[in-house]
Amino acid sequence: MIDTNNEAKPPTVIEVRDLVTHYGTRQILNGIDVDIVQGEIMVIMGGSGSGKSTFLRHLMALQRPTSGVIKILNEDVWALPQKGLFNLRKRLGVAFQGGALFSSMTVGENIMLPLYEHTKLDRMTMEIMARMKLEVVDLAGFEELMPSELSGGMIKRAAVARAIIMDPRILFFDEPSAGLDPVVSSQLDDLILRLRDAMGMTICVVTHELESAFKIADRITVLDKGDVLFIGTVAELKNHPSERIQNLLNRRSEEAEINADEYLRRLMGDKQESEGMAR
Amino acid sequence: MVVRFFDRLGRISVAATEELGRYGVLLMESGFWLFMGARIGQPVRVGALFAEMMEIGVRAIGIVGIMAAAIGAMLAIQGIYSLKIFGAEGHVVFGVAFSMVREFAPLITGILVAGRSGSALSARLGTMKINQEIDALEVMGINPVRFLVVPSLLASLIMVPVLTFMSMVLGLWAAGMYVNVALGMSLAAFFDQTISILSVQDLTHGLLKSAIFGILIALIGVINGFLVKGGAEGVGKATTRAVVQCISAIVVTDMLFALVATL
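Residues numbered from 1 in each chain as written. Chains lettered and ligands numbered in written order. Predicted model: local features only at pLDDT ≥ 70, side-chain atom pairs only at ≥ 80, totals over all residues.

Engineer: Report on the overall build of chain A, specifying residues and quantitative values.
Structural biologist: For chain A, the helix and strand inventory stands at eleven helices and ten strands. In chain A, once contacts between residues fewer than 6 apart in sequence are set aside, the share between residues at least 24 apart is 66%. (Helix = DSSP H or I, 4+ residues; strand = E, 2+ residues; numbered from the N terminus. Contact = placed C-beta atoms within 7 Å.)

Below, the structure written as structure tokens:
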């Protein structure tokens, strides 16, 4: 666990400054500043439409923001030439929400793919490395199966094995608990903690599952409507005096506070007003 | 009303230009990976190329063969029927040979491969996109164009002409069989006459055209796959769009090619 009060802080591996994103005229991120330090598990939380998935796509260097700076491992992602970005990506691992395993390849081939593309290792070494990573994620012996033969939890763990095959410095998880039952979800949380502790990876997790976030996070960033609402430890978040944050934590939407007439008026919009005037 | 019409026209023109630009960029990027990939340590995998050649070419032999034979026989039937009016049915070989080699073999092969592989390519890439597999390739530092597009493009470029050549032979054979039955001309005499009628230029015309069809099929399939939005419905729409665009592009290109070649 990272001690956020410790003065000798580990180096920052991800530095985000004034990140702004527009989709057309709609502003998604409104100038976000976040630092993620080496060896920590940073959980990015927020409700639907808070901008957390867009934020993750920026961090994974998959989408260029409208403005702002993202430095990963001290390199300005969008200022890098193509080759620099290519080399940087080799030091990142991503476990996507649905696993994103290639359906035409076996689990073993999926896991070996980065090795096959980026190294000159012989086939046997690659197979051994793939089996080692499968053991890390408790999927030993599943290398010959096709992704379609795996359960949802297994697919996510196989995706983790593929993400860590190149021993990345930073690992990203997109909604790791989504679609999983509580037991499998908890196992995946344990795996994330194990990866941090055993392999010293910096891990960034995007999730909306509170229970999971509280279990794994060293620090939490809460996004709301494109703004950073909070950055701090789990304890700080739980005891935060802000009503807005407590509402988010208690899953009490601001909408619930609106009375029925107000809600109806909002739904009907101008229509109701014009009808009223006509009457 | 008029403003809205021109506004709509402008938007359509911009969208069409943008899409044409995408084809150009994709073709150039594919060329870059094909010729420069090996130099920067990221070659196009030969295994993937052979897998695509198998899928686009070898697995299409049956249906392309049957259709080519049917078209060849149909040309012979119609040719004899029409020429009989002038008592010139013996000249049917001229019509069949030129039509099959210059037009029908490339056209029917192109349309069949478009329906089979263009749609499959679009559906495959579209599904990969919505499953975030293309994102996964990018974050693994694997260029999707090199990994997914170039093998399909190259396989299509090689296999469509190969299938076209097969169509020519099978179409002519089927036509020869019918002529043999209908006019008593032996198959050897039919092919002898065919060879004497056709020039290398006719054969090149058909094969070159089919190579262009091969590129068009792969590019249209890929672009539509990459542009998929939404879920399964988006994949369905992209697949339909790919087939319609492929067939339209093939027929229009065929007409333009025929026009230019016969000027």
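Moving on from the coordinates now.
Engineer: Run through the sheet that holds strand β2 (residues 26-37) of chain A, naming residues and quoting values.
Structural biologist: All names here are of chain A. With antiparallel pairing, the four strands of this open sheet are ordered in space as β2-β1-β4-β5. On the outer flanks of this sheet lie β2 and β5 (75-76), each paired with one strand and no other. Looking at chain direction, strand β4 (residues 67-72) and β5 are connected through two bridges and run antiparallel. When the bridges of β5 are listed, Ile 72 appears paired with Glu 75. Across the sheet, helix α1 (residues 52-59) lies against β1 (12-23), β2 and β4, angled at about 55° from β2, the strand it touches most. (Pairing = 2+ DSSP bridges. Axes fitted to C-alpha atoms, helices over the stretch in contact; angles between N-to-C directions.)

Engineer: Could you give an account of the nonpolar core, naming the residues involved and the relevant values?
Structural biologist: Among the nonpolar cores identified, the biggest contains 135 residues, and A:Val43, A:Phe172 and B:Met100 are the most heavily contacted of them. Looking at which element gives the most residues to this core, the answer is helix α6 (residues 144-183) of chain B, with 18 residues. When we break this core down by domain, the ones giving at least three residues each are domain 1 (12-91 + 171-240) and domain 2 (102-167) of chain A. Residues within four places of A:Phe172 in sequence aside, it is in contact with A:Leu56, A:Leu59, A:Met60, A:Leu92, A:Val94 and A:Cys204. (Core = buried A, V, L, I, M, F, W, Y, C linked by C-beta atoms within 7 Å. Buried ≥ 20, exposed ≤ 12 C-beta atoms within 10 Å, placed from the backbone. Domains from an automatic or database assignment.)

Engineer: Lay out the pairing of β4(A) in plain terms, naming residues and giving numbers.
Structural biologist: All names here are of chain A. Pairing of β1 with β4, which is carried by five bridges, proceeds in the antiparallel orientation. Considered in β4, the bridge of Glu 15 is made with Lys 71. Between the antiparallel neighbours β4 and β5 lie two residues, among them Leu 73 with a positive phi of about 50°.

Engineer: Talk me through the sheet that holds strand β7 (residues 170-174) of chain A; I want residue IDs and the actual numbers.
Structural biologist: Residue and element names in this part refer to chain A. The six strands lie next to each other as β6-β7-β8-β3-β9-β10, forming an open sheet whose pairing is mixed. The open sheet has two free edges, formed respectively by β6 (92-95) and β10 (227-232), since each of these has just one partner strand. Strand-to-strand twist across the sheet, computed as the mean angle between neighbouring axes with direction ignored, equals 15°. Here β7 pairs with strand β8 (residues 202-206) via five bridges, running parallel. Following the sheet pairing, Asp 174 is matched in β8 by Val 206.

Engineer: Outline the pairing of β10(A), listing residues and values.
Structural biologist: All names here are of chain A. One ladder, built from five bridges, connects strand β9 (residues 219-224) with β10; its direction is antiparallel. Bridge pairing in β10 links Asp 224 to Asp 227. Counting the residues between successive antiparallel strands, the hairpin from β9 to β10 contains two residues, one of them, Lys 225, with a positive phi of roughly 50°.

Engineer: How would you sum up the packing of helix α4 (residues 92-130) of chain B against helix α9 (residues 232-261) of chain B? Please name residues and give values.
Structural biologist: Residues and elements named next belong to chain B. Here α4 crosses α9 at 150°, and the two axes come no closer than 8 Å. Taken together, the axes of α4 and α9 are roughly antiparallel relative to one another. For α4 against α9, the interelement crossing comes out right-handed. On α9, the residues touching Leu 107, Gly 110, Ile 111, Ala 114, Gly 115, Gly 118, Ser 119, Ser 122, Ala 123, Gly 126, Thr 127 and Ile 130 of α4 are Gly 234, Val 235, Ala 238, Thr 239, Ala 242, Val 243, Cys 246, Ile 247, Ile 250 and Asp 254. In terms of residue class, the contact of α4 with α9 is built from twelve nonpolar, nine polar and one charged. (Parallel < 35°, antiparallel > 145°, perpendicular 65-115°, else oblique. Left-handed = near helix turned anticlockwise from the far one by under 90°. Nonpolar A, V, L, I, M, F, W, Y, C, P; charged D, E, K, R; others polar.)

Engineer: For unusual backbone geometry, give the residues involved together with the corresponding values.
Structural biologist: In this structure, A:Glu175 takes a positive phi of about 45° despite not being glycine. Along the chain, A:Glu175 turns up in the loop between β7 and α6 (182-199). Positioned with a positive phi, B:Gln132 is a non-glycine residue whose angle comes to about 65°. A residue is classified by how many C-beta atoms lie within 10 Å of it, and B:Gln132, with 20 of them, is buried.

Engineer: For the interface of chain B and chain A, give the residues involved together with the corresponding values.
Structural biologist: Chain B puts ten residues into the contact, and the matching count from chain A is 15 residues. Residue classes in the side of chain B that touches chain A are distributed as four nonpolar, three polar and three charged.

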